[in-house]
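Spelled out from the first residue to the last, the chains are:
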Amino acid sequence: MEDIEFFDVCEKEETAATPFLEQEKDDDDSVTDQFWNMANQQNGKGHKIGEESEEEDKIRSKDASEGVGEDNDSSGEIQERHMNNGNNNNNKTMKYADRVQILNLRRNLNQLDNIAKEKDLTIEKAREELSACQLRIEMLTKERECTETKIEEEKEAGNTAAIFRLQAMHRRLCAELGHEKELELKIASMLKENVYEMWQIEIEQGKFGSLRDQLEQDEEELERQCKERAEQRIQKEKTAARLAERKQQVGKRKEMEACEAYERRHQKVVEDAHRNHEKAVQFLKKSMSRIRQKEAKEELKTQEHMEKRMQAVLSLKNNITSNRETLQTLQVRDKAKALEAKKQEVKMRGAILAEGGDITKEIFLHKQRVELERQKQEFTEQQKSRKIEIVARILQEEAYVEKQKKHQARAEALRSQGKLQDSLQWRIKTWQYIENACEDPAAAVLQKSWRTPSACSLVDDKSSSVMDFSETALQDTSHENDDEEANETLAEPEFTGLWSQECNLYKVPKDETDPKPLGASKMERKIFTENLEKLRSGIIRKQVVSDHEFKGCPFYSKPSLIHFKDFDVGKTYKKKIILINASYSVNFCKLVGVSEHLKDFINIQFDPPGQMSAGMSCEVVVTFKPMINEVLEGKVTFLAQNGSFSIPLKCTTKRCVLALDKELIDFGTHVVGETISRTIILTNRGALGTRFKLQTSVGDNGTCTTAKYSLERMVIPALDGITSEEKASSSPVESSIYENKEQVSPVHIEEVRQTCMMGESQKTENNLGSSHVEQLSQDALITEADLEAENAQSPAEPPPEEEPIEITLGKVTEGEIGPFSSIKLQIIFTPSVPGDVHAEFEIAFDNPNCKPLHFSVIGVSVDVPVWVLNPNVDLKICMYDRLYQDCIIIRSRAKAALRLKFEVCKELSNHMELLPKTGYIQAQSSFSVQLKFLPRHSLPEDAGKYFDTETRVLEVPMTIMIADKTKPVEFIVHAIVTTSDLEISPAEVNFGYCTIYEAVQTTITLTNKSILPQEFGFVGLPEFVEIQPSDGFGILLPLESLNLDIIFKANKAKEYSFELTCKSEINRQFKLSCKAVGVHPPLELSHSLVKFAATALNDVSTATLYVINAHVSLNCFTHAVPRIGKGEIAPVGPTSFEFLVPEDSPVTIMPSVGTVLPGKKCLIQVYFRPVLSEQLIREEAVQMLCRADAKRTMLKKICESEMQKRKDETVAGKKDGKKPSFAALRQPLRVRSSKHAAASSGFEPPKPEEIKTNSEEYIAAQYSLTRNFTGKFERYIIPCFVASGDIDEKIGSENLKYSPYNTLYLELHCPAVAPSVVVTSNNGKNIINFGEVAVGHRVIKRITIQSISQEQLALGFSILNPNGPFLLVNPVGTLEPGENQFLFISFCPNESKLFFETLDIRSIKGTLTLSIIGQGVAPSIACSVEGDMLDMGYVIAKEKVTSTFKIQNTSTLPLRYSIKLESLSQTRDKEQQRLPFFIMSPPGRTDFVGTQNYSGLSVFNIFPVEGVIEPGKSQVFTVTFSPDHESLYYSDCLKVVLFGKEIAREIWLKGAARNHMMFVEGGDPLDVPLESLAITSPMSEEAAKGELEEPAKSLLLSLEYIQAETSGTPAVRELKIGAIRTAQFASKKSVEFSLDSLPVLQQKGFTIEPVKGTVDRGQIKCISVSWVPPADFDPDHPLMVAAVLTLKGDIKESYKVLFIARVVCT
C-alpha cells in the first residue's frame, strides 16, 4: 500500500507540473523520452516491490537496497550536473530539461524515504513478534512446571488416569516450547538482518542530505517562476478587457445614431403610407363594383350553359333508344338471312342427293365459288376506297396550300398595321379566320374525309357534291360489311392461308376414344380398370409416421416462385431452386413437366436424387430462353411419394412502371410578389424507359378569383414553338389544341369548328356508326352564341389587361426517363394578383401502355405589405413549467418603413409573450420577433377555446397590427402541451422479512404521463438495493409503462427504512418509500442455488451441499449474531432444520430433517430424477386409443366402400347374366359381420383415471412420450424451516418452536432432456425382471436399445457385481443414429434370495439406468414313496404289473423335470466293467441295477418321462414292471432330475418274477443278486410230467437271542409265503404250505406259527419263527436245525429251511 501511495504522489506531482512542461516540449523531445523511460523503470520496480510477500522480506530488502543504490548513482550524476550549473542559472528561467531533472530527483528521493519507512515498519513488527514469542515461552515454561508439580501430586495419590492425561499435556507443552524457541531464533535473526539493512538505508539517506537541500531550493525557484508567469498573464488579460470595453462603448454610440436615423425614416414612411392609403381606397371601390358586375354576368352564362347541356342529354337519350330498336331490327334480319341460308343449303343437299352426286364435294365447290365472288367484291371496294382517299389527300393539300398563302398575306398586313392594342381585337380576328376556313368547301370535304368512314356516316353524307359518284358503291359496301360483321369470328390464324371457314376440323369419333383394347370383353375391361386404379394408388401413398398422417405440400421450394423478370427476347436465363423435403420421413421426387404453353421456352435440368430424408434438399436448374415478347405464366409439376406438387413460374417482359410522389402540390398562402418553387418527382420503377411530356390537362383554364380585376387567369406551359404573346391571346379552344399537339393544321381547326356547329342528330349518328361513343366536353367547346356574346361587350367597360402567368413550369418539361430512374420536375408559383389559383397538369408518355399521370397545383396569394415568413409556428411538444423560444421572421415589401405592434390574446398573456411588443420594419427588409412560451399548469383553464383538453393541442392566433392599416397580419402558434410527470406505482414498498442469505424482489410500475419520451434513472441507491433492468436507467416512450424489479438484499439483521430517488432528464425527482426487516437465521446453506446438468428422463443427477451452524457465541459486539431485526438473539445450541419438498416433484433431499450442533455442519444430498407425470401418460394413452379408434373407423369405411363396390359389381353381373364368384360373395359377408360387431361394441374413450399403470395402454403411452420428449426446464424453490432445539429430544408429538422468518430457501434449476438411448423391448420398460429362477440355473434375457440421438454415441457400461448372479454378456461399443442393438444379460442365482442390481449405460448426453431384478429359488419336491425303495412285488414272468407314485412341487416356481433310469444311463457300460459290489471292500452297495430282461427291453418303464410341474401342483408317475424271465433280483434306480442338472430324488425300483404262482420270501441271502447272462436249458419233459415238482431250494434263517444281565430277548424271524395274482393257472385258486420236523424244532427251542395253511391269490401270509435257547444250549456252539417247507400251487415246491440260532450277550 505504501508503494501505491508513493506512485500516486509522483503522479500528482507530474500532473501539477504538466502546464509548465508542455511549453517547451517541442524543444526537448529527447529529454522527455529519457524522462518517461526512467519513470517506467521506476514504476516497474515499485510494482515489483508491492507484489513481494512478507515471507520474502530478506530478498526484497536486498533488491530494494540495490535499486536504491542504482537510483542513488543516477541521482548523484544529476546532483553533480545540477551543482555545476545551479549557481549560473539562478537568475535565469529554468529550461525544460532542468525541470525534468528536478521531478526525477524528487521521485527518487521519495522512493528512498518510502523504502526507509517500510523497513522501519518491518523492524517494529519483528520486535513485537519477538516480544510476543518470548512472552509465550515464559507462559509455557510456567505451565510445564505446574504440570510437573501436578504429576508428582497425582503419583502420590495413585490416580493413573490423571497421570496419563498430565503426561500427555506435559509432552505437548514441551513440544510447543521447543517450537517457540526455534521461532524466537528465526525472528531474532530476521530482526538483525532488517536492522542491518535499515542502517544501510540511513547511510544512503545521509549521502543525499545536501542534494535534498539543493532540491528544495530549486523547487522554491520553480514555484516563484510560475507565480511570475501567472502575474504576467493576468496583466495581459486586464489590458485586453479594457480594449474590449472601449470597443463596446463605440458600438453603442453608433447604434444610438442608427436608431435616430431609423426614427426619422420611419416617420417619413408613415406619412407616405397615409397618402397612398387614401388613393388606394378610391381604386378599391371601383374594382369592387367591376367584380360584382363580372360575377353577375358569369352567373347568367352558367345558367344558360346548364340549360343547353340538359337539352343535349335529353336528345342523346332519345337517339340511344332509337338506335337500340334499329340494332334489334338488324339482328332479326341477320337471323332470318341465316335461316334462309340453311334452308337453301338443305335444298341443295336434297337436289344433289336426288341427282346422285357427292354432297361434300358439291358443297365445297359451292363455298369456293361464293368465297371467290366475295373476294372480288372486296377487291373492287378496296380500289374504290383507295381512289376516294387519293382524291381527299389531293384536295387536302390544295386547301392547305391556299390557306398558307392567305395566312402569310394576313400576317404581312398585320405587321404593316402594327400590333393590336388589346386582346379583344386578337380574339375577333382569330375567330374570323376560323369562320373563313370553315366556310371553304374543300376544307369541308377534307373534314369529312379525315374522319374514319363508317356505314352510317357515309349514308348520311349523300348530299355532298364531291361524293355523289361513289354513292352506289358505298351503299353496296355497307351492306356487305354488315354481312361480314355477322359472320365475323375472333379467331385469327397465325399464318394466313392455313385456316378456312369452309374447312371443318376433323373430330375423332367417340368410339375411337374408348381406351379399351380391340375385342376386349367386359371382364377384361373390368380387370384393366382395376389394375389401372391399383397402379395409380401405388404411385401416391399416404405417409403416416407415429400415427400422424402427413398432409400438405411434401416439398418446399426456395424461392417459392420462379420469376424471370424483365427478359429480353433471344437471351438465355437460368435460375436455381432448392427443393426441401418437408414430410415426416423418407420421400422421393420426380419431375412431371412444365405447363404445355411453356415447353418451347422452359428447360428443366433435374437429376432425381433418389431417397431423401426429412429435411434434405436437392437442386433444380430452370433455363428460360424467350422467343416472344409476352408475359408467360405457368407451373413446374413434380410428383412425390405422397402426392404431386407444383411450383409457380412467371416470366415478365420489360415495362414502364411510372408514378408520382404526390398528386397535389399545395403552395399555401403567399404574398404577392414572392416566387416559390416546389418539386414533384417522376419515378420509373420498371426496366423500360420512355419519353415524357409535361403539359396542362385538356380543358383546364386555370381560373382564379382576383381582388383587383375580373381576369381569367390561365396556366400555360412553356412549350417550344409558341411565343408568350400567342399564349396570352389564344382562346380556350386554341389552348386545348396546343396542349394536344405541338403542330395543328388548319384543317384540324376547321374540323373542331364544324364539330361545334354540328346538331344533336348528327352527333348521335356519328356515335352509332363508330365502334365507341365519343363524348365531347361541353366545358371545352365554345359555341357560336358564346362567341357573339363575348364580341358584344359593352364599349364603356375598359378592356382587360394581359393576364399574368402565376404557375409555370421549370426548365424540364419533356425528355427521356430511363429504367429504374427518377426525374425531378419543378413547378414555380409567382403570385401577382390576390386570390386562389388552381391548375391541372398532365404527364403524357410515348409508350402506349402507359397511361397519362395527372396532378393538381393550388395556391393562395394575399396582398399585405407585411407577411410572416412562416405563418404557422409549430413549437412541437412542450412540457409544463419549461421555457420554449422561437424566432419569428417578418418581411415587408412596402417601400417605406412600417410600425408593427405584436399582440397576444388575453387568455394566453400569462403563458406566451412576444418581444419586442412594438417595432419598426424597414422598407423591403425583415424583422425578427422573439416568441417566449412558458406553459403553466393553469393553461387548460386559461386558454379556453384555444386548448383542446382531449388532444392537448394548443392553437393560439397571434396578431401583428400595422400602423394605419385596418387589416392585421395573423399567424398561428401551434403546440402540444404535455406534463413531465412520472408515476411510480405503488408509492410505498414493504419488502417484509428478508434473510441475509437471500434477496427479495418486488415489481413496481413506472409510467410516463407525458407524450414525450423521457429518460429516467434511479440515483443514489444504497448498497443493499439493486434495480433491474439496466440498473434502473432507461427511456420511457410516450405514455409507456415499464415494470422494474427492485431487489433488496439485507446485509445485517436490522430494520430498514429508506427512499429511492428517480430523476428524469429535466432533473425532476420522484420518491419511492421502502421498508424491510433484515433477518439473520441461526443456520445457513453452503449453496443457495443448485444448477443441475441437463438430465435425461429416468436418469438421476446428484448435488451436494451443507447446512452449517456457525452460531457459537452470543456476543453481538465481536460478530453478527442470529436474530430477527432487533429482536432477541437466537440461543446457542443444537438447531434443527427441515426441507419441505413439494409433492409430485422430481426432487429428493436426503436427509430432509436433521439437527446441527454449534460449529458443525450437516451433509445434504439433492437428487433430481425427471420422470413423466402419470396424468400426462394417462392423457396420452386416451389420445392413442382415440387415434386407434379413428383408424379402425377409417378402415371400416374403406371396407364398407369396397363391399358396396362389390355389391354393385354383383348386381351388374347379374344383369349381364353372370354369377358372381364365391369369394366375392363371401368377403362382403365377413365385412358385414365385422361391421355389426363394431357397431354393437360402440367405442367410448375411457377417462384418464381409468387407465391402470400396469396396462399396455399406459406402457405404450409412456414409451411414445419418452421418444417424443423435447425437453423442459423447471425451477423449484425449496423452503428449509429452522427451529432451535434437537429434533430427537422432542417429547411425543410436540413440535419444536420455529419462526417463519428464519426460513432458508434453496433454489433448484432442473433441466430435463430426452434420453439419447431408450429401451425398445419389453414395452420400453427400464426394469429387467428375471422372475424366479432355480438356484444354480442360468437364464438369459435379450434387451433391445435404440439411439434416438442425431449423433453417433460411444457407450460405456457400469460394472456389475463380479460375485453376483448377473452378467452382461455382450457390451456394445457405439450406437449410430436410429440404430438398434441387443444386450444379453444372464442371471444365475447361487442361493435362494432376491437379487437386485443396476446397470448404467453411459453416453456423452446422458445415462440410461437399467434395474435388474431376479429371485433365486431352491427347487423342492415331495414324493409319495416312503423311503428310497419302491417294491413292485412278485409277478409271473412275461406279465406286467403297474404302480404309481406322486411328486408334488412345493416351491414357488415351475419345475422342469426329467425321469432317468440307471439302467439306461450312458455310462452304464463303463460301470459294468467294475468288480461286483460283493467282491469290493466297501460293505455298502452302490450298484442299484439288477437283473435285466433277456430281450434287451427295460424291465421298468416310467410315464411321463419329462414335463413341468407348476407351483403347488402334483404329477402322478406310473411305473410298469414287465420281466421276461424268472428272477428274484430285478432292480433299477429311478432318478428325478430338475432342469436337466439337479437330481432331486432317487428311488430304488425292486421286483421279482416267478414262473409259478407261489413264492417264499425271507431269510438270509445265500447267493449274489446278479445272475449270469447265459440262458439255462429248460427242464426236461419227463421231469415236468413227474408230479410237477421243483427240486428243493435252500433257505437260511439265522436267529440271535440277545442275553442281558437279568433277562433275554427271544429271537424272532419271519418267512412270507405268497400267491401271485394272475390270470394263468385258473385251476389253482390258492397255495397250500406246510412245515415238517416240528417236534425237533420245538425241542431245540423253536416256536413256529402257523405250521401250515393256505394263501389266496394276491395274499401273503407270514410264518413267525421265535427261538429261546433251551436249558442245555451251549452258547459256544451255535444251534443248527433243518426243516422242509412244502408249497403246493400250480406245482409242488420244497424248500429246505436251515435254522441257525446263537446267543449274543450285551
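Above: the structure in question.
What counts, and at which threshold
- Residues numbered from 1 in each chain as written.
- Predicted model: local features only at pLDDT ≥ 70, side-chain atom pairs only at ≥ 80, totals over all residues.
- Heavy atoms only, no water.
- Helix = DSSP H or I, 4+ residues; strand = E, 2+ residues; numbered from the N terminus.
- Buried < 20%, exposed > 50% of the residue type's maximum accessible area, 1.4 Å probe, protein only.
- Contact = heavy atoms within 4.5 Å.
- Areas by Shrake-Rupley, 256 points an atom, 1.4 Å probe, with all protein chains shown as cover.
- Expected span 1.5 Å × (residues − 1).
- Phe/Tyr/Trp six-rings, centres within 6.5 Å; stacked < 30°, edge-to-face > 60°.
- Lys NZ or Arg CZ within 6 Å of the ring centre and 35° of its normal.
- Axes fitted to C-alpha atoms, helices over the stretch in contact; angles between N-to-C directions.
- Parallel < 35°, antiparallel > 145°, perpendicular 65-115°, else oblique.
- Left-handed = near helix turned anticlockwise from the far one by under 90°.
- Nonpolar A, V, L, I, M, F, W, Y, C, P; charged D, E, K, R; others polar.
- Patch = residues over 30% accessible without salt bridge, like charges linked within 9 Å, V, L, I, M, F, W, Y side chains within 5 Å.
- Salt bridge = Lys/Arg side-chain N within 4 Å of Asp/Glu carboxyl O.
- Lys, Arg positive; Asp, Glu negative; His and termini not counted.
- Charge placed at Lys NZ, Arg CZ, Asp CG, Glu CD.
- Pairing = 2+ DSSP bridges.
- Core = buried A, V, L, I, M, F, W, Y, C linked by side-chain atoms within 4.5 Å.
- Polar contact = N/O pair within 3.5 Å; in protein donor to acceptor, adjacent residues only side chain to side chain.

Asker: Would you explain the overall build of the protein chain in this entry?
Answerer: Of regular secondary structure, the protein chain possesses 26 helices and 78 strands. Relative to its 1706 residues, the protein chain shows a buried fraction of 34%. Taking the contacts inside the protein chain whose residues are at least 6 apart along the sequence as the reference set, 73% of them involve residues at least 24 apart. When the accessible surface of the protein chain is totalled, it reaches about 104,000 Å², and 52% of it is carbon and sulfur.

Asker: So what exactly am I meant to see when it comes to helix α5 (residues 96-157) here?
Answerer: For an α-helix the count is 3.6 residues per turn, leaving residues at separations of three or four pointing the same way. The terminal C-alpha atoms of α5, which comprises 62 residues, lie 91 Å apart, in line with the 92 Å expected from a rise of 1.5 Å per residue. Looking one or two residues past α5, G158 carries a phi angle of roughly 75°, positive in sign.

Asker: What am I meant to see in the packing of aromatic side chains here?
Answerer: Remark: the centre distance and the inter-plane angle together describe each pair of aromatic rings, the angle taken between the planes. Tallying each qualifying case throughout the model produces 33 aromatic pairs. With centroids separated by 5.1 Å and ring planes inclined at 40°, the aromatic side chains of F564 and F624 adopt a geometry described as tilted. Linking F564 in strand β4 (residues 562-567) with F624 in strand β8 (residues 617-624), this pair joins segments that are 60 residues apart in sequence. For the pair shown, F564 and F624 are each scored as buried. Members of the aromatic cluster, joined through ring pairs, are F991, F1024, F1048, Y1056 and F1058. Positioned above the aromatic ring of F1330 is the side chain of K1341, whose terminal nitrogen or guanidinium carbon lies 5.7 Å from the ring centre.

Asker: So what exactly am I meant to see when it comes to unusual backbone geometry here?
Answerer: In most cases, non-glycine residues show a negative phi, while peptide bonds are predominantly trans. Cis geometry is adopted by the peptide bond preceding P1029, which originates at Q1028 and carries an omega value of 5°. Mapping P1029 onto the fold places it in the loop between β34 (1025-1028) and β35 (1033-1036). Here the amide bond leading from F1503 into P1504 is cis, since omega sits at -5°, within 30 degrees of zero. On the secondary structure map, P1504 appears in the loop between β64 (1500-1503) and β65 (1506-1509). The phi dihedral of F820 is positive, around 55°, even though this residue is not glycine. Note on placement: F820 falls in the loop between β16 (814-817) and β17 (821-829). For L1039, which is not glycine, the phi dihedral falls at a positive 55°. Position of L1039 among the secondary structure elements: in the loop between β35 and β36 (1041-1048). By relative accessible area, which is 57% here, L1039 ends up exposed.

Asker: How do you make sense of the packing of α5 against helix α6 (residues 160-207) when you look at a structure like this?
Answerer: In a pair of packed helices, the angle between the axes and the distance between the axes together describe the arrangement. Put simply, α5 and α6 touch, their axes get as near as 7 Å, and they point 160° apart. Considering their axes alone, α5 and α6 lie roughly antiparallel with respect to each other. Crossing of α5 against α6: the hand is left-handed. A per-class count over the contact of α5 with α6 returns 25 nonpolar, 8 polar and 18 charged.

Asker: Looking at this structure, I do not really get a negative patch on the surface. What am I missing?
Answerer: Taken together, the side chains of D120, E124, E128, E129 and E202 define an acidic patch exposed on the protein surface. Mapped onto the elements, E129 comes out in helix α5. Taking the relative accessible area as the measure of exposure, E129 reaches 41% and is therefore partly exposed.

Asker: What exactly am I supposed to notice about the pattern of salt bridges here?
Answerer: Two side chains bearing opposite charge may form a pair once their charged atoms approach each other closely. All chains considered together, the criterion is met by 36 salt bridges. The shortest N-O distance in the salt bridge between D568 and K654 comes to 3.2 Å. Note that D568 is positioned in the loop between β4 and β5 (573-581) and K654 in the loop between β10 (643-653) and β11 (658-660), a separation of 86 residues in sequence. A salt bridge links E983 to K1009, with the shortest nitrogen-to-oxygen separation between them at 2.9 Å. A residue pair is termed long-range when its members are at least 10 positions apart, and E983 in strand β30 (residues 982-985) and K1009 in the loop between β32 (1000-1008) and β33 (1014-1019) qualify at 26 residues. Residue class for E983 comes out partly exposed when judged on its relative accessible area of 37%.

Asker: What's the story with the sheet that holds strand β39 (residues 1084-1085) in this structure? I'm lost.
Answerer: Within a sheet, each strand pairs with its neighbour through backbone hydrogen bonds, oriented either parallel or antiparallel. With antiparallel pairing, the 4 strands of this open sheet are ordered in space as β39-β42-β47-β45. The sheet is open, and its two borders are formed by β39 and β45 (1147-1150), each paired with just one other strand. Pairing analysis gives 8 bridges linking strand β42 (residues 1101-1108) to strand β47 (residues 1161-1168), with the strands arranged antiparallel. Among the inter-strand pairings, I1108 is bridged to a residue of β47, identified as K1161.

Asker: Help me understand the sheet that holds β8, please; the structure alone is not making it clear to me.
Answerer: Strand order in the open sheet formed by 4 strands is β3-β5-β8-β7, with antiparallel pairing between adjacent strands. Edge positions in the sheet fall to β3 (555-558) and β7 (602-605), since each of these pairs with one other strand and no more. Geometrically, the sheet is characterised by an average inter-axis angle of 30° between neighbouring strands, direction not taken into account. Two strands pair when backbone bridges link them, and β5 and β8 are joined in this way by 8 bridges, in the antiparallel orientation. Residue pairing for β8: Y573 is matched across the bridge by F624.

Asker: Whenever I open this one, the nonpolar core confuses me. Can you help?
Answerer: Side chains of a nonpolar character, in soluble globular proteins, are inclined to be buried together. Counting residues in hydrophobic clusters, the biggest one holds 36 residues, and the most contacted among them are I890, L908, M912, L931, F933, L954 and F971. Setting aside chain neighbours within four positions, we find F971 in contact with V868, P871, V873, I888, L914, V956, P957, M958 and I960. If you look at the next biggest cluster of nonpolar residues, it comprises 35 residues, including I1177, Y1276, L1304 and A1312.

Asker: Looking at this structure, I do not really get the environment of F624. What am I missing?
Answerer: Residue F624 is classed as buried on the basis of its relative accessible area, which comes to 0%. The sequence separation of F624 and L598 amounts to 26 residues, and the corresponding C-alpha distance is 9.3 Å. Once residues lying within four places of it in the same chain are set aside, the contact partners of F624 are F564, F567, K571, T572, Y573, F601, I602, L632 and C651.

Asker: Sorry if this is basic, but what is going on with the environment of E1026 here?
Answerer: When you line up the elements, E1026 lands in strand β34. Separated by 22 residues in sequence, E1026 and F1048 place their C-alpha atoms 6.5 Å apart. In contact with E1026, other than residues within four places in its own chain, are D1045, I1046 and I1047. Reaching out from E1026, the side chain makes a polar contact with the side chain of Q1028 at a distance of 2.8 Å.

Asker: Quick question: what am I supposed to make of the pairing of β3 here?
Answerer: For a regular strand, side chains alternate in direction, first toward one face of the sheet and then toward the other. Burial along β3 is one-sided: the residues F555 and S557 are buried and none of Y556 and K558 is. Judged from the 4 bridges that link them, β3 and β5 form a sheet pairing that is antiparallel. Pairing of Y556 across the sheet is with I580, part of β5.

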